[in-house]
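Here are the chains, one letter per residue:
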Amino acid sequence: MVRFILGRLVKAVFILLAILVFNFLLIHAAPGDPAAVMAGEAGAADEKFLADLRARFGLDQPLYVQLWIYIKGAVQLDLGYSFRQQMPVAELIGDRLPATLLLTGVAFILSLVLGVIAGVAASARQGSWGDTIISTLALLFYATPLFWVALMAALVFSVWLGWLPGFGYSTIGAGYTGMAHVLDVAKHLILPASTLGLFFMAIYMRMTRASMLEVSRLDFVKTARAKGLKRSVIQRRHILRNALLPVITLAGLQAGQIFGGAILTETVFAWPGIGRLMFEAINQRDYNVILGVFYISAAMVLLFNLITDVVYVIVDPRIRLTA
Amino acid sequence: MLRPIKFAAAALALALAGPLAAQDGEPQSGGTLNVVIQPEPPGLMIGLIQNGPTQMVAGDIYESLLRYDHDLTPNGQLATSWEISEDGKTYTFKLREGVKFHDGEDFTSEDVKFSMDVFLRESHSRMRTYMEHVESIDTPDDLTVVFNLKQPFGPFIGIFEPGTAPMIPKHIYEGTDFANNPANNTPIGTGPFKFDEWSRGSFIHLVKNDDYYMEGKPYVDDIYYHVIPDAASRAVAYETGKVDVLPGGSIENFDVPRVREMENTCITDKGWEYFGPLSWIWINNDNKPLDDVKVRQAMMHAIDRDFAKDALWNGLGKVATGPLSSSTRFWDGDTPDISYDPEKAKALLAESSYGGETIRLLGLPYGETWQRWAEAVKQNLTEIGMTVDIVPSDVAGWNQKVSDRDFDLAFTYLYQYGDPALGVSRTYMGDNAAPGSPWNNVANYQNAETDKMFDEAALMANPEDRKAAYKKIQDQIVSDVPNLWLLELGFPTIYRCNIKNPVNTAFGVNDGFRDVWIDQK
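This is a predicted model, so every value here is computed, not measured.

About the thresholds
- Residues numbered from 1 in each chain as written.
- Chains lettered and ligands numbered in written order.
- Predicted model: local features only at pLDDT ≥ 70, side-chain atom pairs only at ≥ 80, totals over all residues.
- Heavy atoms only, no water.
- Contact = heavy atoms within 4.5 Å.
- Buried area = accessible area lost by both parts, 1.4 Å probe.
- Salt bridge = Lys/Arg side-chain N within 4 Å of Asp/Glu carboxyl O.
- Polar contact = N/O pair within 3.5 Å; in protein donor to acceptor, adjacent residues only side chain to side chain.
- Helix = DSSP H or I, 4+ residues; strand = E, 2+ residues; numbered from the N terminus.
- Nonpolar A, V, L, I, M, F, W, Y, C, P; charged D, E, K, R; others polar.
- Pairing = 2+ DSSP bridges.
- Axes fitted to C-alpha atoms, helices over the stretch in contact; angles between N-to-C directions.
- Core = buried A, V, L, I, M, F, W, Y, C linked by side-chain atoms within 4.5 Å.
- Buried < 20%, exposed > 50% of the residue type's maximum accessible area, 1.4 Å probe, protein only.
- Parallel < 35°, antiparallel > 145°, perpendicular 65-115°, else oblique.
- Patch = residues over 30% accessible without salt bridge, like charges linked within 9 Å, V, L, I, M, F, W, Y side chains within 5 Å.
- Areas by Shrake-Rupley, 256 points an atom, 1.4 Å probe, with all protein chains shown as cover.
- Lys, Arg positive; Asp, Glu negative; His and termini not counted.
- Charge placed at Lys NZ, Arg CZ, Asp CG, Glu CD.
- Phe/Tyr/Trp six-rings, centres within 6.5 Å; stacked < 30°, edge-to-face > 60°.
- Lys NZ or Arg CZ within 6 Å of the ring centre and 35° of its normal.

Visitor: Help me understand the interface of chain A and chain B in this model?
Guide: The figure often quoted for interface size is the accessible area lost as the parts come together. Contacts between chain A and chain B engage 42 residues on the former and 42 residues on the latter. Buried area between chain A and chain B, summed over both chains or domains, comes out near 3,600 Å², and the portion from carbon and sulfur atoms is 57%. Counting the contacts that link chain A with chain B gives 2 salt bridges. Between B:Glu40 and A:Arg96 there is a salt bridge; the shortest N-O distance is 3.8 Å. Linking chain A to chain B there are 4 residue pairs in polar contact (both at pLDDT 80 or more). Counting residues per element, the ones that place at least two in the side of chain A that touches chain B are helix 2 (34-42), helix 3 (47-57), helix 5 (89-124), helix 7 (146-160), helix 10 (231-268) and helix 11 (274-283) of chain A. When residues in the side of chain A that touches chain B are grouped by element, the largest group, 7 residues, is from helix 2 of chain A. Within the side of chain A that touches chain B, the residues separate by chemical class into 21 nonpolar, 9 polar and 12 charged.

Visitor: Help me understand the sheet that holds strand 19 (residues 483-488) of chain B, please; the structure alone is not making it clear to me.
Guide: What links the strands of a sheet is backbone hydrogen bonding, and the strands pair in either a parallel or an antiparallel sense. Residue and element names in this part refer to chain B. Strand order in the open sheet formed by 6 strands is 15-19-14-18-16-17, with mixed pairing between adjacent strands. The strands lining the two open edges of the sheet, one partner per strand, are strand 15 (318-319) and strand 17 (387-391). Summarising the sheet, strand 16 (residues 358-362) and strand 18 (residues 409-414) pair through 2 bridges and their orientation is parallel. Bridge pairing in strand 18 links Leu361 to Leu409. Across the sheet, helix 9 (residues 293-302) lies against strand 14 (278-283), strand 18 and strand 19, angled at about 25° from strand 19, the strand it touches most.

Visitor: Honestly, the environment of B:Lys170 in this entry has me stumped. Any pointers?
Guide: Locating B:Lys170 in the fold gives a position in helix 6 (residues 170-173). Among residues more than four places away in sequence, those in contact with B:Lys170 are B:Glu110, B:Asp111 and B:Phe114.

Visitor: Looking at this structure, I do not really get the nonpolar core. What am I missing?
Guide: Nonpolar side chains in soluble globular proteins generally cluster together in the buried interior. Grouped together as the largest cluster of nonpolar side chains are 181 residues, with contacts concentrated most on B:Leu65, B:Met116, B:Phe147, B:Phe160 and B:Trp373. The biggest single contributor to this core is helix 12 (residues 287-315) of chain A, with 8 residues. For B:Phe147, the residues in contact, after removing those within four places along its chain, are B:Lys89, B:Thr90, B:Tyr91, B:Phe93, B:Val112, B:Met116, B:Val134, B:Ser136, B:Ile137, B:Phe156 and B:Phe160. Listed in part, the 22 residues of the second largest apolar core include A:Leu103, A:Leu189, A:Tyr204 and A:Ala224.

Visitor: Explanation requested: the pairing of strand 7 (residues 134-141) of chain B in the structure shown.
Guide: In regular strands, side chains alternate between the two faces of the sheet. All names here are of chain B. Relative to strand 8 (residues 144-149), strand 7 runs antiparallel, the two being bridged by 5 bridges. Of the residues in strand 8, the one forming a bridge with Val134 is Leu149. In sequence, strand 7 turns back onto strand 8 through a hairpin of 2 residues.

Visitor: Looking at this structure, I do not really get the side chain of B:Asn399. What am I missing?
Guide: Examined against the element boundaries, B:Asn399 turns out to sit in helix 13 (residues 395-403). In contact with B:Asn399, other than residues within four places in its own chain, are A:Ala36, A:Val37, A:Gly40, B:Pro438 and B:Trp439.

Visitor: I tried to follow the packing of helix 10 of chain A against helix 12 of chain A on my own but got confused; where do I start?
Guide: The axes of two packed helices give the description: the angle between them and the distance between them. Residues and elements named next belong to chain A. Between helix 10 and helix 12, the shortest axis-to-axis distance is 8 Å and the interhelical angle comes to 170°. Our classification of the angle between helix 10 and helix 12 gives roughly antiparallel. On helix 12, the residues that touch Arg241, Leu245, Ile248, Thr249, Gly252, Leu253, Ala255, Gly256 and Phe259 of helix 10 are Ser297, Met300, Val301, Phe304, Asn305, Thr308, Val311, Tyr312, Ile314 and Val315. In terms of residue class, the contact of helix 10 with helix 12 is built from 12 nonpolar, 6 polar and 1 charged.

Visitor: Looking at this structure, how should I read a positive patch on the surface?
Guide: All names here are of chain A. There is a patch of like positive charges on the surface, built from Lys230, Arg236, Arg237 and Arg241. Topologically, Arg241 is positioned in helix 10. Under the relative-accessibility criterion, Arg241 is labelled partly exposed at 44%.

Visitor: I tried to follow the side chain of B:Asp222 on my own but got confused; where do I start?
Guide: All names here are of chain B. Note that Asp222 resides in strand 11 (residues 222-227). Despite its burial, Asp222 pairs with no opposite charge, the nearest such side chain being Lys208 at 9.8 Å. Within the structure, Asp222 has its side chain in polar contact with the side chain of His205 (distance 2.8 Å). Those residues within four positions of Asp222 in sequence are excluded, and the remaining contacts are Gly31, Thr32, Leu33, His205, Leu206 and Val207.

Visitor: Looking at this structure, I do not really get the packing of aromatic side chains. What am I missing?
Guide: In this description, a pair of aromatic rings is defined by centroid distance and the angle of the planes. Residue and element names in this part refer to chain B. Under the defined criterion, the tally for this structure stands at 44 aromatic pairs over all chains. Between Phe203 and Tyr224 the ring centres are 5.6 Å apart and the planes differ by 70°, which places this aromatic pair in the edge-to-face class. A residue pair is termed long-range when its members are at least 10 positions apart, and Phe203 in strand 10 (residues 203-208) and Tyr224 in strand 11 qualify at 21 residues. For the ring pair Trp313 and Trp373, a centre distance of 5.9 Å and an interplane angle of 70° mean the geometry is edge-to-face. Of this pair, Trp313 sits in the loop between helix 10 (305-312) and strand 15 while Trp373 sits in helix 12 (residues 368-383), and the two are 60 residues apart along the sequence. Here Trp313 and Trp373 have matching classes, each one buried. Positioned over the ring face of Tyr417 is Arg126, at 3.9 Å from the centre of the ring.

Visitor: Is there a simple way to think about unusual backbone geometry in this case?
Guide: The bulk of non-glycine residues show a negative phi, and the bulk of peptide bonds are trans. Each neighbour pair has its own omega, and for B:Gln38 with B:Pro39 the value is -10°, a cis peptide bond. Structurally, B:Pro39 is set in the loop between strand 2 (32-37) and helix 3 (52-61). Looking along the chain, the bond that leaves B:Lys288 and enters B:Pro289 is cis, with omega of 0°. The phi angle at A:Ala270 is positive, at roughly 50°, despite the residue not being glycine. A positive phi is found at B:Asn501, a non-glycine position, where the angle reads about 60°. Mapping B:Asn501 onto the fold places it in the loop between strand 21 (499-500) and strand 22 (517-518).

Visitor: Could you clarify how one ought to interpret helix 3 of chain B in this entry?
Guide: All names here are of chain B. Burial within helix 3 is extensive, with 9 of its 10 residues counted as buried. Taken residue by residue, helix 3 has Pro53, Thr54, Gln55, Met56, Val57, Ala58, Gly59, Asp60 and Ile61 as its buried positions. Where helix 3 is buried, its residues contact strand 2, helix 5 (125-131), strand 9 (193-199), strand 10 and strand 11.

Visitor: So what exactly am I meant to see when it comes to the pairing of strand 10 of chain B here?
Guide: Residues and elements named next belong to chain B. Where strand 9 lies against strand 10, 6 bridges are found, and the strand directions are antiparallel. Bridging across to strand 10, Phe193 finds its partner in Lys208. Between strand 9 and strand 10, which follow one another and run antiparallel, lie 3 residues, and Gly201 among them has a positive phi close to 85°. Pairing of strand 10 with strand 11 involves 5 bridges; the strand directions are antiparallel.

Visitor: How do you make sense of the pattern of salt bridges when you look at a structure like this?
Guide: Residue and element names in this part refer to chain B. For the coordinates displayed, the defined rule picks out 30 salt bridges over all chains. Between Glu351 and Lys294 there is a salt bridge whose closest N-O contact spans 3.4 Å. Residue Glu351 is found in helix 11 (residues 342-351), and its partner Lys294 is found in helix 9; the two are separated by 57 residues along the sequence. Among the residues examined, Glu351 registers a relative accessible area of 52% and is labelled exposed.

Shown next, in the form of C-alpha cells:
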C-alpha cells in the first residue's frame, strides 16, 4: 500500500510539471496581457506607464525565460506574485482555498450521501410512484443549468422568503465569534452548497439506482435470497456494497470536476473562493494567479484520484493495487 | 480683457446651504453605509492605480485641492482660495489650516509639491502629461503653493480632484520605491474616512476620521464596500437590503426599471459631469472602404441612437452631437446634422465606394447591454445594405484588438475629464495615432487643420477664445465622421431615499461620502 502511494506521488510530480508547462503556453497564447488590462481599466495610459508595468511584471522577458523563472519558483512552492492584486499568489490562494474546500466539500458529501440514499430508495421498489418521483426530480436537476438554479434559489429563498442570505461568506460587519460565527457561515453556505450539489446528487442517484438494479439480478443475490436472508441485509451487504464501486469511480472523477462548478456558484453567490479568483484572474490575464490556481486544483484532482483508489480497496478487498 | 480670477470658497457653508440639505432637514450622525463595488479594485493607493473602483474607495481616503460642482465650477477642498494671474501662467493656492493626515502628521504645501512634482509625475500617466506645462512649484510658506506654468494651459484649474491630483503624504513616500512601498496596503490621506480592513473577495471597510477638519463631518460611522462579482446578485443584494447604494453600472440595465420601482428607492444620473462618458464606435479609417467619408456618413445616419437610448439604456443619457459630451466645457450642440435617417444613409452608401465588403464589428465585453447594442447596430447597418459580422471577445482580447487596430468598427466609451484638451483631443490628434493603446487616436483620424486648432486652443488663456476655437473643431470633426458617436451615457446611481446626499459633485460617488448622512427615523 505504502509503495503504491509513493509510486503514485512520484508520477504525480511529473504530471503536475507537464500541466504547468502546458497551461503556461496556453495562457500566453491568449490575446492581451495584464498591463493592457490594468491600463484599460484606468481608461488611459501612455507608453511609459505600460512599459513600466510590463517591466515590473517581467513581461518584457522572452517567453522561455518567463517559463523558466516560473518553473524554478513553482518547484520550490513559490507561485509568484499577483500583478493585479499586489500580493504573493500563494498567500492569495491560501486565503481563498478554505472557503472553496468548505463549499465543495459540503456540496460533495451532501450530494454523495443524499444521492446514494435516494438511489437506493428508488431501486428498492422499481416502478413504484416513489421511484418515479425520485427519478423525475433527478432528471430535472441533471438537466437544469447551474446558474439558473443558483439565481432561482437566491430569488425564492433570499428575496421572496427572506430565509437565507443570498450571497457572501458571512454577515459583514456583524463581528460574530465562536459558535455564532459558525452558524452564520453555515447559513450562508446552504444556498451555494445545495446549488452546487444538486447536479452531482442527480448523477449519483441515477448511477446508484441503475447499479443497484443491475447487481440485484446477479446470481449471488439470488443465492442469498434462496438462503432466506433478510431483505434489508441483502440490500445493504450484498447489493449496495457491489453497486457502490462504479459510484466511487465516478465520485473520484467528479471531486475534481466540482471545482469547475464552483467557479460559477462562487461568482453568483459572491463566495470568496479560488474558483472566483481564477475566473477574475483569467479576465484580467493575471498569469501567475491563473497558473497558481491550475497548479493547486490539478494537485487536488491527483490527490482525489489517489484517495479514490485507496477507498476502492477498502470497499472491495478483491481489488489489487499496482502503481 | 483678462482679469485675475479670484474665488473665495467657503465649502462648509455651501454644503450646508445647498437645496438638498435644506429640504431634507438637519443631518444626523451615525449609521453604516453599505455600497456595492465592482470589480474588486487592484489596490487603494490612488497615486499608483487609477481605475474606476480604486477611485471610488480612494475618494473617501484621499483628497485634492479642489472639488467641482455639477457644472464644473471649482470649490475649495484642501485649498481655501486660489488666484490665477492675468497672463494665465501663475496659479497660487492658499491651503486650509489644521489639516492632518490619518497618521496625525500635518498636511502642508510641501506635500502638495511632493505629490504633484515627484510622485504623480513618476506614477500617474495622465498627470505626467498635464505636468509638462508646469515649469516649477514654489512653497513660500506652509500654507501657500504657487504653480509656475511654461505657458497658459486652459484646463489646468480642472485637474485638482482626487482621482487626478491626490495629495500623497511626503513623509511616508519620499525617497522610497513608490510601487513597492508597504504603506500602499494601508493608504493614508487627509480624507473623511480612514482605511480599516480589506477582506479580499468580500469587502473593504473604512471608518470615520474623527480628526477630520470639518466640524461634524463625516456623518456616518463607517462604510462597507461589498465585492459582489455577479450583476444579478448585486441587484439581489440591494433588494434584500444588504447594500444601500448601487453606483452607476452596478446592475444590468434591464434590472434598473425593476429596482427603481422598489419602495424607498431614489435614482439619479447626476455625478458624471466631469467624466462625461461618451460612447462611440471607432472606425478604422485605414481600412477600405471605411476610408471613404461617404461610407462613414452613411453609417452615421443609419444608426438609430434614440432606439438604443430608450430600449437599451432605459431612456437615461443623451444622444451625442459629436466628439464632445454636453457636460464638457466648450461643448457646442449646433454641429452638422448626424441624425437617424436611413433613406439618406442608403443614398450616401449608393454614391460611395462600398461594394458589399463584410465589416467586422467588435462589441464591448461589458455585459448584456453592450452585446445587444452591437446586435442593434448590426441590424441598422444591414438595413441600409451593409454586411456586418460581430466579433466576440473578452476584455483583455478587446484591449489587444483595439490596440493593434485589428477591427473595422469597435464599440468604446471614454472619459473627457471636463475639458476637451484633457479628454477629447487625445482621440483626434494626428500624432497620437500609433498602435499600442486603445484610447489614443485609434481611428487614425488625420487632419492637420484640427490638429493645429487643438494645439492652440489648449494654450489659450481666455475661455472665450477657447470656446470659439472648439466650436470650429467640433464642426470640422463632425463633418469628417472619423467615428460614429452614440450616446452620452447615463449611469444611474440607485440608493435608498433615506441616504441623503450620496451625489454632490461632478464626480458622483467617486468624490467620497463626506456629506452623506442617513435619516434614521
